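As a plain string of letters, each chain reads:
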Amino acid sequence: MKAAIDGSGEPGKPKTLEERLAPVRKMLLACIQCGTCSGSCPNAWAMDSSPRHLWRLLLTHNGEEIFKSRTFALCSTCYSCTLRCPRGLPLTDAMSLLKQVAAAENIYIYRRSVRFYQSFMESVRRHGRVREMEFMTLYFMSMKNPMIPLKFTPLGMKLMAKGKVSFEIPSKGSGKLDALFRKAKEIEDQS
Amino acid sequence: MKYIYYPGCSLEGTAAEYSISTMAVLGALGVELVELDDWTCCGATAAEGISHLLSFALPARNIAVAEKMKLNCDILVPCSACYLNLKRVEHETRLDPSLLKKVNQVLETENLVLKGKLKTRHLLDVLASDIPVSDIASRVIKPLEGLRIAPYYGCQCLRPYAVFDDPEEPVSMEPIITALGASVYEWDMGGRCCGASLMSTAPDAGIELVAGLLETAQDADAVVTVCPMCQMNLEAYQKRASKKRQMHYDIPVLYLPQLMGLAMGLPDDQVRMDLNLCVPDAFRNKLMARQTA
Ligand code: SF4
Ligand code: SF4
């Protein structure tokens, strides 16, 4: 029971969705459902459920429903809602936490974003800095979808022509930031 | 004036012209930049999308390295995404000692400690707050007369931390644009989101934001930005946005220091407009037609 309240779960055991969502819910407790966040969101038109509705689902313990909608994945972290919420709630952070939960739970709707981010972070882990072409190549490889790279090709070619990116075969092996990445994961898995 | 310079990954690659023009313009204004030793990626928007702690540890590593340099000056960051990531560490670790502790546990692997003594500043903050606009004006030798410039701030240099400008109705670029001899194109989209990484993760949604901005900027001669992500989104997807709206968008999207460099008469290899993907002839002709002041 304790686990469900503070979201910590038992160390060593995989967390349930409820446990993962508990800290996000805690951030939203003061929501008065005024809808200012939805009205401020530049991507609300594309969302299948509004940010306000998402908070409602969260507060009424309908966590599963949140991840059936694409709403959190469409947050472009513009901080407009955070700035305007009359209760001063950290809404962009809440959206980011939902993204992290979706990444941890391997939620289908968020898979494309996760692969994008993971490919990016993989390049950072290896070299300390992101190599843009390597990152894009890793992304396409992870998508296993030959149609996606094509979409990017004209831009990729333009950038290569300007010498802004170079074509790189992703390099493997030990990375510059291995230890830092490992430690962060270790601490996060424990808490 | 002296700053520790954190360029960030984009400025080494797709936004090379931003870095080159930033260093050139600040140099011409007598500002000294010392590049951060062995800097690494700040995590961009990617770390945040998968790991909370990593999204703090990656930028924190760079601040810790800067502290180790013992220069005791602010960290100057031109990229808005990098800026916000570093700023967030500065703010949140001050408010939350347990976060600082966790971050330092991670940094131990690099033999680094974050003390939280240094301030992170956005390039625009430095240009608008530290450098007197009269200094900029006095350097202008080829004023940008007759050019209407749309100032585009994007999100992350304005929000959530309102450090140097109004987070909803930003104005900090206006005196600079005027000092360069250009006029400010009036629009209310300066602080609207460009879609950030949605252009890659959900392009159907991202392209609408880009198209909306381009449409409103149509009557300007150029858009100026202070963020590589905004610049790329607005510059590289004009064709796709045009198709979507059945319009023809063809508008240069320059970095603010590039525009400054043009007015200050800096040589081409310090402005690097050749690296921009979209510089229409009409814009070039207007630049050519300018008189030397
Ligand atoms: S703006 Fe704040 S209080 Fe209003 S609905 Fe959104 S989260 Fe709730
Ligand atoms: S931060 Fe995300 S949810 Fe909030 S207004 Fe911006 S895009 Fe919408």
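All figures in this text were calculated on a predicted structure; none of them were measured in a lab. (Residues numbered from 1 in each chain as written. Chains lettered and ligands numbered in written order. Predicted model: local features only at pLDDT ≥ 70, side-chain atom pairs only at ≥ 80, totals over all residues. Heavy atoms only, no water.)

Engineer: Residue-level account of the confidence of the model for chain B, with values.
Structural biologist: With 100% of its residues at a pLDDT of 70 or more, chain B shows a mean pLDDT of 96. Interface scoring of the predicted complex returns ipTM 0.91; its pTM is 0.92. (pLDDT = per-residue confidence, 0-100.)

Engineer: Please give an account of the site of ligand 1 that cites residues and values.
Structural biologist: Residue and element names in this part refer to chain A. The environment of ligand 1 is made up of 13 residues, and the closest members are C31, C34, G35, C37 and C85. Secondary structure elements with two or more residues in the shell around ligand 1: α3 (36-40) and α4 (51-59). A class-by-class count of the residues in the shell around ligand 1 yields 8 nonpolar, 3 polar and 2 charged. (Near = heavy atom within 4 Å. Helix = DSSP H or I, 4+ residues; strand = E, 2+ residues; numbered from the N terminus. Nonpolar A, V, L, I, M, F, W, Y, C, P; charged D, E, K, R; others polar.)

Engineer: How would you sum up the sheet that holds strand β1 (residues 2-5) of chain B? Please name residues and give values.
Structural biologist: All names here are of chain B. The strand order β2-β1-β3-β4 describes an open sheet built from 4 strands, whose pairing is parallel. Unpaired on one side and paired on the other, β2 (32-35) and β4 (120-122) mark the two borders of the sheet. In this sheet, neighbouring strand axes are inclined to one another by 40° on average, regardless of whether the strands run parallel or antiparallel. Across 3 bridges, the pairing between strand β3 (residues 75-77) and β4 is parallel. Looking at β4, one finds that V77 is bridged to H122. (Pairing = 2+ DSSP bridges. Axes fitted to C-alpha atoms, helices over the stretch in contact; angles between N-to-C directions.)

Engineer: Report on the domain arrangement of chain B, specifying residues and quantitative values.
Structural biologist: Residue and element names in this part refer to chain B. Domain assignment breaks chain B into domain 1 (2-124) and domain 2 (141-292). The gap between the C-alpha centroids of domain 1 and domain 2 is 25 Å. Between domain 1 and domain 2 the total buried area reaches about 2300 Å² when both faces are included, carbon and sulfur atoms providing 75% of it. Our count for the contact surface shared by domain 1 and domain 2 stands at 0 salt bridges. Remark: the boundary between domain 1 and domain 2 carries 4 residue pairs in polar contact (both at pLDDT 80 or more). A per-element tally of the side of domain 1 that touches domain 2 places helix α1 (residues 16-28) first, with 9 residues. In the side of domain 1 that touches domain 2, the residues fall into 16 nonpolar, 8 polar and 4 charged. (Domains from an automatic or database assignment. Buried area = accessible area lost by both parts, 1.4 Å probe. Salt bridge = Lys/Arg side-chain N within 4 Å of Asp/Glu carboxyl O. Polar contact = N/O pair within 3.5 Å; in protein donor to acceptor, adjacent residues only side chain to side chain.)

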